[in-house]
Amino acid sequence: MSDEAAQADDPQTPEVDIKSTHVWKEWKHSAPLIGCRCGPTGRYVFASAMDSTIQRWDLDTDQHAVFGGHDSWLRAIGFSPDGKQTFTADYDGKMCFWETESESAKPTREMAAHDGWVRWLSVHPDGKLLATAGNDLLVKIWSTETTELLHTFPGHENHIYSTLFHPAGEWLLTGDLNGVVNQWEIASGKLVRSFDAKDLRHGVGGVRCLAVSPDGEQLACGGLHKASNALAGVQEPLVLIFDWESGEQLHTHEATEIDRGIARRVFYQADGTLVGASGGGAGGFLLFWKTEKTEFHKFKLPATLHDMDLHPNGLDIVTAHHDGHIRISRMAAKA
Amino acid sequence: MKGHYACNSSEHTMARRQFLGTLTAGAGTVAGLNALIRPAAAAQLVAKKKRILSIFLNGGLSQFESWDPKPGTLSGGPFRAIPTSVPGTHVCELLPQTAKQMHRISLIRSVNTASDDHNLSRYMIERGHAKSAITDYPHLGAVVTKGLDEGPSLLPGHIHVSSAAGARSSNSAYLGPKYASITVGTDGDLKNSQLPGGLTATIDDQRHAFRRQANERFLLRRRTAETDAYVQSYEQALQLMQQREIFDVTKEPESAAEKYGKFDLGRQCLLARRLLESDISFVQVSHSNYDTHAENFNYHIKLLGEFDQSFSALIDDLAERGMLESTLVIVMSEFGRSPDINGDYGREHWCKGFSIAMAGCGIQAGAVIGATNKDGTEVTDRQVDHNDLFHTYLQAVGLDPTAHFNIGGRPVPLADPTGQTIKELLS
């Protein structure tokens, strides 16, 4: 943890002030970090690394534990709503269940979930279901209680990059490399409709992340566009906003002066502000949009990032960085 | 460099008649053989002559994601290593079909060209020499085509297959335009190979008869090597027009198209096999773009998914047809990719330890030559460079890399004399 971060440790609960966003805590691992999630209790941050380990940090104590059990990279991490269970799935197609507070750091259950990469994992709002998807073009729904495979949804024609349970609990959304976002009815497995996110179809771009607004009226799909030299990473982050009711694209969110970046994750804040994380050659950025095309605020992080999550306190943003750091940025004035 | 035949000796007169006669009479012969060609017959026909198929993976194939995986290391990336048909030899999981053909393939895992520049390194890999301000060196295809040249040929000996047809290149340097590559596309449409509208075949025949008559008269007094090349280029162009079907991959059965893959590289490899069956000395196909400074892993999934299908189908097909014994297959790239993974999930250029695969034509099947260290950051065993590889390619097809071409009375070595054949690779 840096000196500055230490000073800001254990702050009082301040008001959200996006334009005062700053890094107040960071931890370092020896390998680049590629995924991160903050548990629902707000106490633990889990990060995955290029050395195939899972790193757990305790925000209360700064204690650190290493979870071993995967033999390949992974970016898919999720939690049960009470935060007691952690779910992970890797690029070998293996899924593991863990006790979040475990000291042994061994999985309680593990299973072969997919043929090849699992790219994303989502937990249903009621915590009973878990969705995984990846390079085998399949979407799978699992019971978190029994680990039983309940449903398999075929239909995507290219790698599935992202999954998200709609907050209403009735549907699952899945986005792929072709810019197709499918809406599945969970109970029947029926494909309800597809959103056409074709503006994200550039090289190996695709729908890298999904978010639904708190009022359920908008769907955000993140990725990249303007890929003038995709092989060199010359491309810009882009978020498409769809009207949930009509399925029509309403508008787009772009970033200013980021000529090498991808929207790796987006989420909505309670007031409807959309937060995006861009990683790439231009560095790591947090981007904040309301209804404007370009961001109303941009916060540059010290290094490029691969993933982002929102802390349950609604104030802190956790980011996983290529330089091996987990950084926690606070959307408020420094204490 | 002119070769004057002003002596009017009977030897040259005969040669001229044979020359013209062979070219004109040969058309039907080859066209007929091609029309009747069957795998077994093809094997008998082509087994006598050695040839090379080069598969150039443009931009710099990652050795980590292909021939030299390093699982469990920070440089290794996200993919597993999988066993192959050769016990103890593993390749990246992105090559599952190729893994089944490894008993027919050899790997060199210790190539170091000392150049991370695309153009300079490609020049070295394809021409066996470092680029020089003084001398331009010929492409491997030109050297092989000249080295294996058995006299006037009915088709060009040096063909590069591309997604789009083009013209003859200038990659033969001092060997002359006869050995420069001709680029053909995979859509079966040889550029400018159709008669212009309104010109009937009868009229065209009459035109050529008149041209030959004029040539005959001219050659009686003024024959040179250049006039021979001029005459041959016309006759070769006619053969290309008449044998257009050789270049048409749609003549292949649907099963072959499925096996090779219904994408550019699949069609290129299928066309390459047809050309090799038609006795072309050197065929090159290429696949792009492996220059993955960003998203290296996602791009290699896509690119090697195609390569794995097409390449494994090709190796299997050549072996089944008995052609692998006389065909040297090389999978080359200008360099490899860096052990370090950058913040774009990319890998940079890397010349200090990358891999090349070879098969057929006396190459010891299933061999692995050389090694890199645990993280792939340096060569630890049997380092070789572009000169050594060039010597080895020539030796494999029966050419002495230490021999010389006579270029205008000046001896020019086939390969850079500083190179050494990788003898343990040749069985």
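Residues numbered from 1 in each chain as written. Chains lettered and ligands numbered in written order. Predicted model: local features only at pLDDT ≥ 70, side-chain atom pairs only at ≥ 80, totals over all residues. Heavy atoms only, no water.

Chemist: I'd like to hear about the interface of chain B and chain A, residue by residue, with values.
Modeler: Facing 20 residues of chain B, the contacting portion of chain A comprises 30 residues. Residues Glu295(B) and Arg264(A) are paired through a salt bridge, measuring 3.7 Å at the closest nitrogen-oxygen approach. Linking chain B to chain A there are 9 residue pairs in polar contact (both at pLDDT 80 or more). Residue composition of the side of chain B that touches chain A, by class: 9 nonpolar, 7 polar and 4 charged. (Contact = heavy atoms within 4.5 Å. Salt bridge = Lys/Arg side-chain N within 4 Å of Asp/Glu carboxyl O. Polar contact = N/O pair within 3.5 Å; in protein donor to acceptor, adjacent residues only side chain to side chain. Nonpolar A, V, L, I, M, F, W, Y, C, P; charged D, E, K, R; others polar.)

Chemist: Tell me what's going on with the sheet that holds strand β18 (residues 209–212) of chain A, and back it up with residues and numbers.
Modeler: Residue and element names in this part refer to chain A. Strand order across the open sheet formed by 4 strands is β18-β19-β20-β21, with antiparallel pairing between neighbours. Across the chains shown, the open sheet's two edge strands, defined by having one partner strand only, are β18 and β21 (249–254). Across the sheet, the mean angle from the axis of one strand to that of its neighbour is 30°, orientation sign disregarded. Bridging between β18 and strand β19 (residues 218–229) involves 4 bridges; their strand directions are antiparallel. In the sheet register, Leu210 faces β19, and the bridge partner there is Cys221. (Pairing = 2+ DSSP bridges. Helix = DSSP H or I, 4+ residues; strand = E, 2+ residues; numbered from the N terminus. Axes fitted to C-alpha atoms, helices over the stretch in contact; angles between N-to-C directions.)

Chemist: Pulling in residues and values, what's your account of the nonpolar core?
Modeler: Residues and elements named next belong to chain B. Among the nonpolar cores identified, the biggest contains 68 residues, and Ile55, Trp67, Leu275, Phe307, Phe311 and Val329 are the most heavily contacted of them. In this view, Phe311 contacts Ile55, Trp67, Thr98, Ile105, Val329 and Val331; residues no more than four positions away in its chain are not counted. If you look at the next biggest cluster of nonpolar residues, it comprises 43 residues, including Phe56, Ile108, Leu140 and Ile356. (Core = buried A, V, L, I, M, F, W, Y, C linked by side-chain atoms within 4.5 Å. Buried < 20%, exposed > 50% of the residue type's maximum accessible area, 1.4 Å probe, protein only.)

Chemist: Tell me about empty space enclosed by the protein, and name the residues and values.
Modeler: On inspection of all chains with the given rule, the structure shows 4 cavities of 30 Å³ or more. When its volume is computed, the largest cavity comes out at roughly 260 Å³. Every residue lining the largest cavity is counted, 16 residues in all, and those nearest its centre are Arg75(A), Tyr91(A), Arg119(A), Arg208(A) and Asn298(B). Taken together, the elements giving at least two residues each to the lining of the largest cavity come down to β10 (118–123) and β22 (262–268) of chain A together with α10 (296–320) of chain B. In terms of residue count, the dominant contributor to the lining of the largest cavity is β22(A) (3 residues). Its residues placed into classes, the lining of the largest cavity shows 9 nonpolar, 2 polar and 5 charged. (1 Å grid on protein atoms, 1.4 Å probe; cavity = no way out; pocket = protein on both sides within 12 Å on 5 of 7 lines; lining within 4 Å. Points joined across faces, edges and corners; volume = space filled by probe spheres on them.)

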